[in-house]
Amino acid sequence: MPDSTSDFPESVRAPFDLMRQAWSESPVSTAKERKQSLTGLLKWVQANEKRVAVAIDADFGGRSHHETRLAEVMIVVNGIKHTRSHLEEWMAPQRREVWWMLEPAQGAVQRQPLGVVGVMAPWNYPFQLAVLPLVQALAAGNRVLIKPSELTPQTSDLLAEMCAACFPPDQVSVITGGPEVGAAFSSLPFDHLFFTGSTQVGRLVMQAAAKNLTPVTLELGGKSPVLIHDSYPLEKAAGRIATGKWLNAGQTCVAPDYVLLPKGKEQAFADAILAQAEKMYPTLGDDYTAIVSERHHKRQLALLEDARAKGATVIQKGESKGRKIPPTVVLNVSDEMTLMQEEIFGPILPIEVYEELDQAIARINSRPRPLALYYFDHRGKRAESVLQRTVSGGAVINDVVLHLANEELPFGGVGHSGIGSYHGLEGFQTFSHEKAVFYQSRFALNGLFKPPYGSFINFVLDRLI
Ligand code: NAD
């Protein structure tokens, strides 16, 4: 077996070695067995969804239970059901055409499990972002080691409990810990490593994986822009953006990060979107989520301080409540401000203005490639042209965030926002090896093409080349 793990800390090495051993003894699983695993998981999630909401609420110091049901439990349940219903179709070998010269042989692509895969998850949707990759890795027939974020310890404990209740430890296991454990984890010789988190840590994870030539999927973040065309009704755009932006208080990888608006419309847009926010969260009560930790809270406040000091206008409705910062719009922003340089990952929404659409597209293209791009325009041709002229992980026309909720669409980034994708078929493929298999027939013509070469081969090659 390749790649010794003897140098690793026991807490990381032991569960990995156990799985690798189990894999070498039993690398094959049927569709029926995989479906049983998924069904067991589904039942656990349905029976324990309240505990998931309570754990995440405690970890955040205030996370709406409805948001947890909507954006974690529902997405996971839908993901399991969708995967289960397509499993046989995805597992079936794909027949391929055979070049006439090689006939009557046959060709097929078999999707084979990779072996032992690692899943590293962030804190912002600590349940969904650990469980959805788990579902797809299991569906593809792998054994899975999960490393959740240290910032959501109650959820991590619950994940560990869930995995122990649903699977033997040589099939699925959870390893908890902070960056040091993360560093050791990402150095394990996995057959695939699936990481969701920041671009900065993603770089370290990829470096660690490169030492083992472990392939990675990196689901990262970035500044996802919203571009609004002059002709689009402002109120309507504001309503849709408000819902996506302040879900989880903006702590969403595909949250609208900044808005590009035709010049002169910024005040009207700020008024409209903050009015929407006020309707949704009149008191910053239970429906509004807190910033996950004191460190992250301070970072949001520092972003605002920096922007104010450099001449921005900060507009907020209402007062902060503990770590709950009210929905905030920032006007008159510039590139010198940190909030226009880093992913915001909180409830602050800066507005940039443009005069020509081309100028707005150039602004987007001058920044690293975003995870998502949102464009508001009822003119389909113009929308297609914006899609063609920008490169982003995914895109939504006339709304935000929702591409993530559709299991039939692949989800992932490009450039600095990530490598690879998952959800649906693409998730199954991410965790599978696509093996080319050539089935030779009893009688094969290629037997004629071997030395000693003579005039016959020249005759054939002259006609083929
Ligand atoms: P993070 O990169 O800090 O942490 C992610 C995981 O990496 C955690 O499990 C953490 O313990 C581990 N880790 C931390 N330091 C490490 C190190 N030095 N070596 C190895 N592992 C280490 O990310 P986060 O703050 O938890 O999450 C926020 C980021 O994740 C944002 O940038 C957001 O956009 C991104 N994100 C992306 C998606 C997506 O699907 N593309 C989804 C959610 C969040």
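For every chain, the first residue of the written sequence is number 1, and numbering continues from 1 onward in sequence order. Local features are withheld for residues below a pLDDT of 70 in this predicted model, meaning they are given only at 70 or higher, and side-chain atom pairs are given and counted only at 80 or more; totals for whole chains, interfaces and linings count all residues. Hydrogens are left out, water is left out, and the side-chain values use all remaining heavy atoms of the structure.

A separate point is the domain arrangement of the chain. What the domain assignment lists for the chain is domain 1 (10–220 + 415–437) and domain 2 (225–412). The C-alpha centroid of domain 2 is placed 30 Å from the C-alpha centroid of domain 1. Listed as interface residues are 30 residues of domain 1 and, on the opposing side, 30 residues of domain 2. Buried area counts how much accessible surface, traced with a 1.4 Å probe, disappears from two parts once they are put together, with both parts' losses summed. Between domain 1 and domain 2 lies a buried interface of about 2400 Å² when both sides are counted; carbon and sulfur atoms form 53% of it. By the criterion of area lost to domain 2, the three top residues of domain 1 are Glu67, Trp123 and His423, representing 22% of everything that side buries. Note on definitions: salt bridges are taken to be side-chain nitrogens of Lys or Arg within 4 Å of carboxyl oxygens of Asp or Glu. Linking domain 1 with domain 2 are zero salt bridges. Polar contacts, as used here, are pairs of N or O atoms within 3.5 Å; protein pairs need one atom able to donate a hydrogen and one able to accept it. Residues neighboring in sequence count only if both atoms are side-chain atoms. At the boundary of domain 1 with domain 2, the tally comes to 17 residue pairs in polar contact (both at pLDDT 80 or more). Helical segments are the DSSP runs of H or I of at least four residues, strand segments are the runs of E of at least two, and each set is numbered from the N terminus. Listing elements by their share of the side of domain 1 that touches domain 2, those giving two or more residues are helix H2 (31–60), helix H3 (65–91), helix H4 (128–139) and helix H13 (424–430). By residue number, the principal contributor to the side of domain 1 that touches domain 2 is H3, which donates seven residues. For the purposes of this description, domain bounds are those given by an automatic or database domain assignment. Note on definitions: a residue-residue contact is assigned when non-hydrogen atoms from the two residues lie within 4.5 Å.

Moving on, we come to the environment of Pro126. Along the chain, Pro126 turns up in the loop between strand E3 (116–120) and H4. Separated by 25 residues in sequence, Pro126 and Leu151 have C-alpha atoms that sit 9.2 Å apart.

Any two strands are treated as partners once DSSP identifies two or more bridges connecting them. Spatial ordering of the open sheet is given by E1-E2-E16, a layout of three strands whose pairing is antiparallel. This sheet does not close on itself; its edge strands, each paired only once, are strand E1 (94–96) and strand E16 (432–439). Geometrically, the sheet is characterised by an average inter-axis angle of 30° between neighbouring strands, direction not taken into account. In this sheet, strand E2 (residues 106–113) lies alongside E1 in antiparallel orientation, the contact comprising three bridges. Only C-alpha atoms enter the line fits that serve as axes; for helices the fit covers just the stretch in contact. Angles between N-to-C directions range over 0 to 180 degrees.

For the rest of this paragraph, the subject is the pattern of salt bridges. Going through the model one piece at a time under the given rule, you end up with 22 salt bridges. Here Lys317 makes a salt bridge to Glu278, at a shortest N to O gap of 4.0 Å. Placement of the pair is Lys317 in the loop between strand E10 (313–316) and strand E11 (328–331) and Glu278 in helix H9 (residues 266–280), with a sequence separation of 39 residues. Note that Lys310 is salt-bridged to Asp306, the shortest N-O span being 2.6 Å. Judged by its relative accessible area of 41%, Lys310 is partly exposed. Burial classes: relative accessible area under 20% of the type maximum marks a residue as buried, over 50% as exposed, and values in between as partly exposed (1.4 Å probe, protein chains only). Looking at Asp306, the relative accessible area reads 17%, which means it is buried. Residues participating in the shared-partner salt-bridge network are Asp335, Glu352, Arg363 and Arg367.

Relative to the helices and strands, Leu132 resides in helix H4. Setting aside residues no more than four positions away along its own chain, Leu132 makes contact with Ile75, Val76, Gly79, Glu407, Tyr422 and His423.

Attention shifts here to the sheet that holds strand E8 (residues 225–228). Here we have seven strands laid out as an open sheet, ordered E10-E11-E12-E9-E8-E13-E14, and mixed in their pairing. Here the strands that pair on one side only, and so sit at the sheet edges, are E10 and strand E14 (394–397). Sheet twist, expressed as the average angle between the axes of neighbouring strands with direction ignored, equals 20°. Bridge analysis of E10 against E11 gives four bridges, and the strand direction is antiparallel. What sits directly across from Ile315, in E11, is Val329. Sheet strands touched by H9: E8, strand E9 (258–262), E10, E11 and strand E12 (348–354). Its angle to E11, the strand with the most contacts, is close to 175°. Against the sheet, helix H11 (residues 357–366) contacts E8, E9, E12 and strand E13 (372–376), and its axis sits at roughly 175° relative to E8.

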